[in-house]
Amino acid sequence: MTDTRDKPLLDVRGMKVGLPTRRGHLPILNGVDLHVKAGEVLGVVGESGAGKSITGLAVIGLLEPPARIDGGDVWFDGRRIDSLSGDDLRKIRGAEIGVIFQDPLTSLNPLYTIGYQLVETIRTHLDMSAEDGEKRAVELLDEVGIPAAASRLRAYPHEFSGGMRQRVVIALALCANPRLIIADEPTTALDVSIQAQIIALLKRLCREHGTAVMLITHDMGVIAETADRVSVMYAGRVIEEGPVAEVVRNASHPYSRGLMGSIPVIGERIKRLPQIRGAMPRVGAVPKGCAFAPRCPLVRDLCRSERPAVMPGRATSAACWQYSPRWEEANPAEDVDA
């Protein structure tokens with residue numbers, strides 16, 4: 001008998017996203033592969049412009065036109081959802097897939113009370129009376145740590161602090177008991193102490209409800225504290241994937257090692273943290289071979305001419321030619337000076 005716990009709840013296969021312009025087609029994502037299992041936190045990390053947020057928006061069908069999915073599949077619980085109509089996808093979004101955006105003020109309507117927005121969202125997805133919807137709203141606010149929840153239903157978004165607003169947004173995402181939450185930079189604008197509380201809340205939701213979380217962030221500290229696995233993105237593609245401990249301590253891809261090396265370690269005294277030279281290529285200007293080749297200290301001619309597939313690395317999988325038999329045959333290129 002097959003154990004369904006080993007099957008991914010969300011499975012993104014070779015997803016491509018593009019943008020038509022007057023100068024031609026502009027590729028934004030170039031074959032993204034990732035998956036999340038029930039009760040698991042997948043961290044999606046990378047620099048600004050790597051394609052993290054676009055990936056999350058594409059999964060839930062919220063790409064801003066004229067951006068569109070050009071290829072690949074998105075499967076949720078064994079169903080392909082990227083080909084669904086807008087109405088059918090809306091039935092899944094909110095009910096089965098919850099979303100937490102970076103800025104809570106963009107998710108909350110300033111003209112309506114918190115209680116009204118929660119109750120309306122609950123009744124949209126669940127068959128409840130207004131009275132039961134309000135009880136459910138109070139339960140959700142209690143669950144995410146809003147003090148005096150019943151009395152705060154009549155408050156407006158501007159009457160909450162940043163951390164409290166983010167908790168309300170998480171409550172909104174939980175209204176219909178979704179099986180997957182896509183959290184896009186949920187702790188970016190918060191104080192460190194509030195960040196820790198939000199991280200603890202997300203972990204508790206996974207533990208108690210079996211909710212899967214796709215956590216999008218540029219903060220490796222948040223990833224190390226929260227995620228079970230990590231997908232590292234660079235220039236519109238996942239270039240490394242593996243358990244969080246292995247990616248943090250023993251990354252396979254030179255880009256991932258650069259990211260980890262730039263994190264200060266308490267107790268170590270060094271004059272200067274390592275840095276990755278250069279910058280990520282602009283959208284539409286990604287090099288022919290490996291996108292990281294212009295910045296890579298290990299670059300060889302092969303890296304500049306052909307794009308590597310994801311292959312077994314150290315303890316993770318990485319899109320890097322150094323783990324291919326062809327690596328030893330490739331001529332070293334000139335030193336990188338970006």
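A brief report on the enclosed structure follows. No experiment lies behind these values; they were computed from the predicted model shown.

Conventions and cut-offs
- Residues numbered from 1 in each chain as written.
- Predicted model: local features only at pLDDT ≥ 70, side-chain atom pairs only at ≥ 80, totals over all residues.
- Heavy atoms only, no water.
- Buried < 20%, exposed > 50% of the residue type's maximum accessible area, 1.4 Å probe, protein only.
- Helix = DSSP H or I, 4+ residues; strand = E, 2+ residues; numbered from the N terminus.
- Pairing = 2+ DSSP bridges.
- Right-handed = clockwise from strand over helix to strand, strands pointing away.
- Contact = heavy atoms within 4.5 Å.
- Axes fitted to C-alpha atoms, helices over the stretch in contact; angles between N-to-C directions.
- Polar contact = N/O pair within 3.5 Å; in protein donor to acceptor, adjacent residues only side chain to side chain.

Focus on the pairing of strand β7 (residues 180-184)
(1) Moving on: Taken across its 5 residues, β7 has 5 buried, putting it largely inside the fold.
(2) Moving on: Side chains Leu 180, Ile 182 and Asp 184 project from β7 onto one buried face, and the interleaved Ile 181 and Ala 183 project onto a second face that is buried too.
(3) Moving on: Here β7 pairs with strand β8 (residues 212-217) via 5 bridges, running parallel. Its bridge partner lying in β8, Asp 184 is registered against Ile 216.
(4) Moving on: At this point the chain moves from β7, through helix α8 (residues 192-209), to the parallel β8, and the crossover so formed is right-handed.

Some thoughts on the sheet that holds strand β5 (residues 79-80)
(1) Moving on: The strand order β2-β1-β4-β5 describes an open sheet built from 4 strands, whose pairing is antiparallel. Here the strands that pair on one side only, and so sit at the sheet edges, are β2 (24-36) and β5.
(2) Moving on: Sheet topology places strand β1 (residues 10-21) next to β2; 10 bridges connect them, and they run antiparallel. The partner of Pro 20 across the bridge, within β2, is His 25.
(3) Moving on: On top of the sheet, helix α1 (residues 52-59) reaches β1, β2 and β4 (68-76); it is set at about 105° to β1, its chief contact.

Thoughts on the environment of Arg 68
(1) Moving on: Looking at the element boundaries, Arg 68 is found in strand β4.
(2) Moving on: Sequence separation between Arg 68 and Pro 20 is 48 residues; the distance between their C-alpha atoms is 8.7 Å.
(3) Moving on: If sequence neighbours within four positions are ignored, Arg 68 has contacts with Lys 16, Val 17, Gly 18, Pro 20, His 25 and Leu 63.
(4) Moving on: Of note is the side chain of Arg 68, whose polar atom sits 3.2 Å from the side chain of Asp 70.

Things to note about unusual backbone geometry
(1) Moving on: Cis geometry marks the peptide bond from Pro 65 to Pro 66; its omega dihedral reads 10°.
(2) Moving on: Along the chain, the position of Pro 66 falls in the loop between α1 and β4.
(3) Moving on: One non-glycine residue with positive phi stands out, namely Asp 77, at about 50°.
(4) Moving on: Relative to the helices and strands, Asp 77 resides in the loop between β4 and β5.
(5) Moving on: Phi angles above zero are rare outside glycine, and Ala 148 is one such case at about 50°.
(6) Moving on: Using a relative accessible area of 52% as the deciding quantity, one classes Ala 148 as exposed.

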